[in-house]
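Okay, here's what each chain looks like letter by letter:
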Amino acid sequence: MKIYIAGPLCTIENRISLEKIDKICKDLGFDTFLPHRDAGLYENVKDIKRISKRDVEELYECDILIGVLDGICVGAGTSWEMGYAQALGKKVIGLKTDRKISESISDMSAIIAGTVKIVESVEELKKELKTLKNKN
């Protein structure tokens, strides 16, 4: 099974956080797609088509998408990736560790909160991934 890991990429700290999630997934035996590692980072306008083409291809290939929901608001790219994956019938898991979901609806959208399985800790994420792996 393959997991697409979506989240903010703007800072080194953001990317390190995503890499920690990637390690958790790999330790559980999943293959992963990590956009900044596997498709590259945006540096100029010429990168847009290459990156977006690869990201969309990987959305079709993945079985699960993990979207990081931490921060003041969910990033536009993360929201788009989560919605696209759901439209494709993929399992989508939101990871919200910085605040309770009930305190964050306006930051993440009621649609995400109402349609996505959201976990509030890395331990909950591991448990959910183990459950999905055992079903397969």
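Scroll up to find the structure.
Just so we're clear, the structure is a prediction, and the values are computed from it rather than from any experiment. (Residues numbered from 1 in each chain as written. Predicted model: local features only at pLDDT ≥ 70, side-chain atom pairs only at ≥ 80, totals over all residues. Heavy atoms only, no water.)

Section: the sheet that holds strand β1 (residues 2-6)
Quick note on the threshold: The criterion for strand pairing is that DSSP finds at least two bridges linking the strands in question. We count a stretch as a helix when DSSP gives it H or I for four or more residues in a row; a strand needs E for two or more, and each element gets its number in order from the N terminus. A fitted line through C-alpha atoms serves as each axis, taken over the contacting stretch for helices, and the angle formed by two N-to-C directions is quoted from 0 to 180°. Every residue pair with non-hydrogen atoms within 4.5 Å of one another is taken to be in contact.
Strand order in the open sheet formed by five strands is β2-β1-β3-β4-β5, and the pairing between neighbours is parallel. Single-partner strands in this sheet number two, and they are β2 (31-33) and β5 (117-119). Sheet twist, expressed as the average angle between the axes of neighbouring strands with direction ignored, equals 25 degrees. Looking at chain direction, strand β3 (residues 64-68) and strand β4 (residues 91-95) are connected through five bridges and run parallel. For Val68, the partnering residue across the bridge sits in β4 and is Leu95. The sheet strands contacting helix α1 (residues 12-27) are β1, β2, β3 and β4, and the helix crosses β1 at an angle near 165 degrees.

Quick look at the environment of Thr78
Basically, it comes down to this: Note on classification: 1.4 Å probe, protein chains only; a residue is buried when its accessible area is under 20% of the maximum for its type, exposed when over 50%, partly exposed between these limits.
Residue placement: Thr78 occurs in helix α4 (residues 76-87). Assessed through its relative accessible area of 2%, Thr78 is described here as buried. Thr78 sits 69 residues away from Leu9 along the chain, and the two C-alpha atoms are 9.7 Å apart.

Re the packing of aromatic side chains
We count it as follows: Ring pairs shown here join Phe, Tyr and Trp side chains whose ring centres sit within 6.5 Å, with only the six-membered ring taken for Trp; geometry is labelled stacked below 30 degrees between planes, edge-to-face above 60, and tilted in between. Here, over-ring charges are defined by two tests on the NZ atom of lysine or the CZ atom of arginine: distance to the ring centre within 6 Å, and angle to the ring normal within 35 degrees.
One pass over the full model with this rule turns up three aromatic pairs. With a centroid separation of 6.0 Å and 75 degrees between ring planes, the pair formed by Tyr60 and Tyr84 is classed as edge-to-face. Taken together, the positions of Tyr60 in helix α3 (residues 47-61) and Tyr84 in helix α4 put the pair 24 residues apart, joining distant regions of the chain. In textbook terms, an aromatic cluster arises when at least three aromatic residues are bridged by ring pairs, as seen for Tyr60, Trp80 and Tyr84. Positioned over the ring face of Phe30 is Lys133, at 5.2 Å from the centre of the ring.

Thoughts on α4
This is how it is decided: One less than the number of residues in a helix, times 1.5 Å, gives the span that helix is expected to have.
For α4, built from 12 residues, the straight-helix expectation of 16 Å at 1.5 Å per residue is met to within 8% by its first-to-last C-alpha distance of 16 Å. The inward-facing, buried residues of α4 contact β1, α2 (35-38), α3, β3, β4 and α6 (110-115). Phi turns positive one or two residues past the end of α4, at Gly89, with a value near 85 degrees.

A look at the pattern of salt bridges
Should their charged atoms come close, side chains of opposite charge can pair. Stated precisely, the cut-off is as follows: Criterion for a salt bridge: a side-chain nitrogen of Lys or Arg within 4 Å of a carboxyl oxygen of Asp or Glu.
As enumerated under the stated definition, the model contains 11 salt bridges in all. The residue Lys53 makes a salt bridge to Glu57 at a minimum N-O spacing of 2.5 Å. A residue pair is termed a helical-turn pair when its members lie 3 or 4 positions apart in one helix, as Lys53 and Glu57 do in helix α3 at four residues. Residue classification places Lys53 among the exposed residues on the basis of a relative accessible area of 53%.

Section: the environment of Ile66
With respect to the element layout, Ile66 can be found in strand β3. Of the residues examined, Ile66 reaches a relative accessible area of 0% and is grouped as buried. Separated by 26 residues in the primary sequence, Ile66 and Val92 have C-alpha atoms spaced 5.9 Å apart. Not counting residues up to four positions away in its chain, the partners in contact with Ile66 are Ile3, Tyr4, Ile5, Ala6, Ile21, Cys25, Ile93, Leu95, Leu125 and Leu129.

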